[in-house]
Amino acid sequence: MGYHTFDAGRADKLEDAQQRYRSLSAEELRWALSASRDETVADLGSGTGFYTDDVAPDVGHVYAVDIQEAMHDYYREKGVPDNVDLVTSGIDDLPFDSSSLDAAFSTMTYHEFANDEALSEIARVLKSGGTLAIADWAASGSGRNGPPVDERFSADEATDALRQHGFRIEFEAVRPETFLLVGSAE
């Protein structure tokens, strides 16, 4: 695991659509994934399921992966779509078969799990050509929102790490507080 894990006691904050969509809109996430109705996708660090809910109507199946069972409890209370399974796991030990996922995404959680073990696991579970979309807090940001700046990665650092684990970077955007990377598994 990377640095801190978001405090599940503050889960309500993760449901603030106005704030969350400033960093990544639902449309942008769906564009980055380019998933189809028959695909299986994993939300890595799903939290309350805020972005899982945006993706679920467009795909066949979503695994909402979070290390905190309390986040899954919150999601259950909110209501989990029929095509979503909750998975309590760290990203460095995913309970999926090799090459079993068409796509995966991480929204504002890459800094929590960015290490060799986790990136190797993501590469293992994605099919060849599978999409990985990562939106996270940028090291160049102010730190007013999100984790402290010293716990963040730059888009270049994340790109280098993904390339080292067999991903081809298809798209990169750096914003004032965040970045978005879209890669494909080789």
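Everything below is about the structure shown above.
The structure contained in this document is the topic of the report that follows. Here the residue numbering is sequential within each chain, running from 1 through the sequence in written order. For this predicted model, a pLDDT threshold of at least 70 governs which residues receive local features, and a threshold of 80 or more governs which side-chain atom pairs are given and counted, while totals over whole chains, interfaces and linings are taken from all residues. Side-chain metrics rest on all non-hydrogen atoms present in the structure, leaving aside hydrogens and water.

### Examining the pairing of strand S1 (residues 40–44)
Threshold: Exposure categories follow from relative accessible area, calculated using a 1.4 Å probe and restricted to protein chains: below 20% of the type maximum is buried, above 50% is exposed, and the middle band is partly exposed. Where helices and strands are cited, they refer to DSSP runs of H or I of at least four residues and of E of at least two residues respectively, numbered from the N terminus. Strands pair, by our definition, only if DSSP identifies at least two bridges between them. For crossovers, right-handed means that the path from the first strand over the helix to the second runs clockwise, given strands pointing away from the viewer.
Among the five residues that make up S1, five are buried, leaving the element largely enclosed by the rest of the structure. By the alternation rule, side chains of S1 split into Thr40, Ala42 and Leu44 and Val41 and Asp43, which are all buried. Inspection of the sheet shows S1 paired to strand S2 (residues 61–66) by five bridges, in the parallel sense. Residue pairing for S2: Leu44 is matched across the bridge by Val65. Taken together, S1, helix H3 (residues 50–55) and S2 form a β-α-β motif whose crossover is right-handed. As defined by bridge partners, S1 adjoins strand S4 (residues 101–107) across three bridges and the pair is classed as parallel. The residue of S4 that forms the bridge with Asp43 is Phe105.

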